[in-house]
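# Summary of structural features
So you can see what is in the structure, the chains are spelled out below.
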Amino acid sequence: MSISIAELRGVTKKYQVGETEILALNNVYFNVTKGDFIVVAGPSGSGKSTFLNILGSIDKPTSGNIIFNGSDITHVNLEALHQLRLNKIGFVFQSFNLVPVLTAYENVELPLLFKNISKKEIKERVTTVLEKSRTSRQNGSFACKAIRRTEATCCNSQSIGGKSGIDHRRRTNCQP
Ligand SMILES: Nc1ncnc2c1ncn2[C@@H]1O[C@H](COP(=O)(O)OP(=O)(O)OP(=O)(O)O)[C@@H](O)[C@H]1O
Ligand SMILES: [Mg+2]
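### Concerning the overall build of the chain
From N to C terminus, the chain includes six helices and six strands. Per-residue burial for the chain yields a buried fraction of 19% across its 176 residues. When contacts within the chain are restricted to residue pairs at least 6 apart in sequence, those whose partners lie at least 24 apart make up 60%.

Here you go:
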């Protein structure tokens, strides 16, 4: 039986811009099971980023529910969401979101500083990831390798890919 990692149940997201209401997601049902590799494709403005932000718990839905590892996380507090994102979900953003005043080492190290792990392990993990990036830069798989320890990964793809999300998958050779 396939194990559900993340699920959206009847999710709707509306943005209010002045007096205009924008319906970005309309009653979406979606399920990711362990080992799935899913590409979300659609025209600009169709709601892909909104969908990924809600699935990755960066944003809240207007209505509907989000289930992660069997638990309903729709209404959990901010601290619980921080912990979930830190330990369970990987993100590859459309823009790289690197901190410009930090070195490459410090950028990779940054999220690990919030985890309860030793300095020695942090150093080993950062060094391993940076070493892999040197050998895999040509096929673009660095980002995928860097976040592999997570259970679910949200890739917003135009940054690495080309014309579409499907291109991104082929070029980066990013297997779950
Ligand atoms: N923060 C926001 N405030 C108001 N409207 C928003 C906001 N974010 C997205 N929208 C609107 O919601 C709709 C979906 O936008 P979204 O960014 O999710 O689309 P997308 O499929 O990711 O587009 P793209 O391919 O250009 O990245 C669009 O009409 C957009 O203008
Ligand atoms: Mg987008």
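### Comments concerning the pairing of strand β1 (residues 4-17)
Pairing geometry for β1 and strand β2 (residues 20-33), over ten bridges, is antiparallel. Residue pairing in the sheet places E7 in a bridge with N31 of β2. Adjacent in sequence and paired antiparallel, β1 and β2 are bridged by two residues, among which G18 carries a positive phi angle near 60 degrees. Sheet topology places β1 next to strand β3 (residues 63-68); five bridges connect them, and they run antiparallel. Among the inter-strand pairings, A6 is bridged to a residue of β3, identified as F68.

### Quick look at the site of ligand 1
Neighbouring residues of ligand 1: Y15, V17, I22, A24, G42, S44, G45, S46, G47, K48, S49 and T50. Among the secondary structure elements, those contributing two or more residues to the shell around ligand 1 are β1, β2 and α1 (48-55). If you tally residues by element for the shell around ligand 1, the top one is α1, at three residues. The residue makeup of the shell around ligand 1, split by class, is four nonpolar, seven polar and one charged.

### Details of the sheet that holds β2
Taken together, four strands build an open sheet; the order of strands is β2-β1-β3-β4 and the sheet is antiparallel. Each edge of the open sheet is held by one strand with a lone partner, namely β2 and β4 (71-72). Bridging between β3 and β4 involves two bridges; their strand directions are antiparallel. Counted as the bridge partner of F68 is S71 from β4. Running at roughly 125 degrees to β1, α1 makes contact with β1, β2 and β3 of the sheet.

### Details of the confidence of the model for the chain
Taken residue by residue, the chain gives an average pLDDT of 82. The fraction at 70 or more is 79%. For the stretch residues 138-145, pLDDT sits under 50, and the model shows 19 contacts to residues farther than four places along the chain or on other chains. Confidence drops under a pLDDT of 50 for residues 159-176, and excluding neighbours within four residues, the segment shows 35 contacts in the predicted structure.

### Thoughts on the environment of Y15
Position of Y15 relative to the elements: it lies in strand β1. According to the C-beta neighbour criterion, Y15 is exposed, with 11 such atoms within 10 Å. Once the C-alpha coordinates of Y15 and L25 are considered, the two residues, ten residues apart in sequence, prove to be 9.8 Å apart. Setting aside residues no more than four positions away along its own chain, Y15 makes contact with I22 and A24.

### Overview of the nonpolar core
A6, L8, F51, I54, L55, A152 and C154 are the most contacted members of the largest nonpolar core, which has 18 residues in total. Only β1, β2, α1, β3, β5 (89-92) and β6 (152-155) provide two or more residues apiece to this core. Apart from residues lying up to four places away in sequence, C154 is in contact with L52, L55, G56, I89 and F91.

What counts, and at which threshold
- Residues numbered from 1 in each chain as written.
- Chains lettered and ligands numbered in written order.
- Predicted model: local features only at pLDDT ≥ 70, side-chain atom pairs only at ≥ 80, totals over all residues.
- Helix = DSSP H or I, 4+ residues; strand = E, 2+ residues; numbered from the N terminus.
- Buried ≥ 20, exposed ≤ 12 C-beta atoms within 10 Å, placed from the backbone.
- Contact = placed C-beta atoms within 7 Å.
- Pairing = 2+ DSSP bridges.
- Near = placed C-beta within 6 Å.
- Nonpolar A, V, L, I, M, F, W, Y, C, P; charged D, E, K, R; others polar.
- Axes fitted to C-alpha atoms, helices over the stretch in contact; angles between N-to-C directions.
- pLDDT = per-residue confidence, 0-100.
- Core = buried A, V, L, I, M, F, W, Y, C linked by C-beta atoms within 7 Å.

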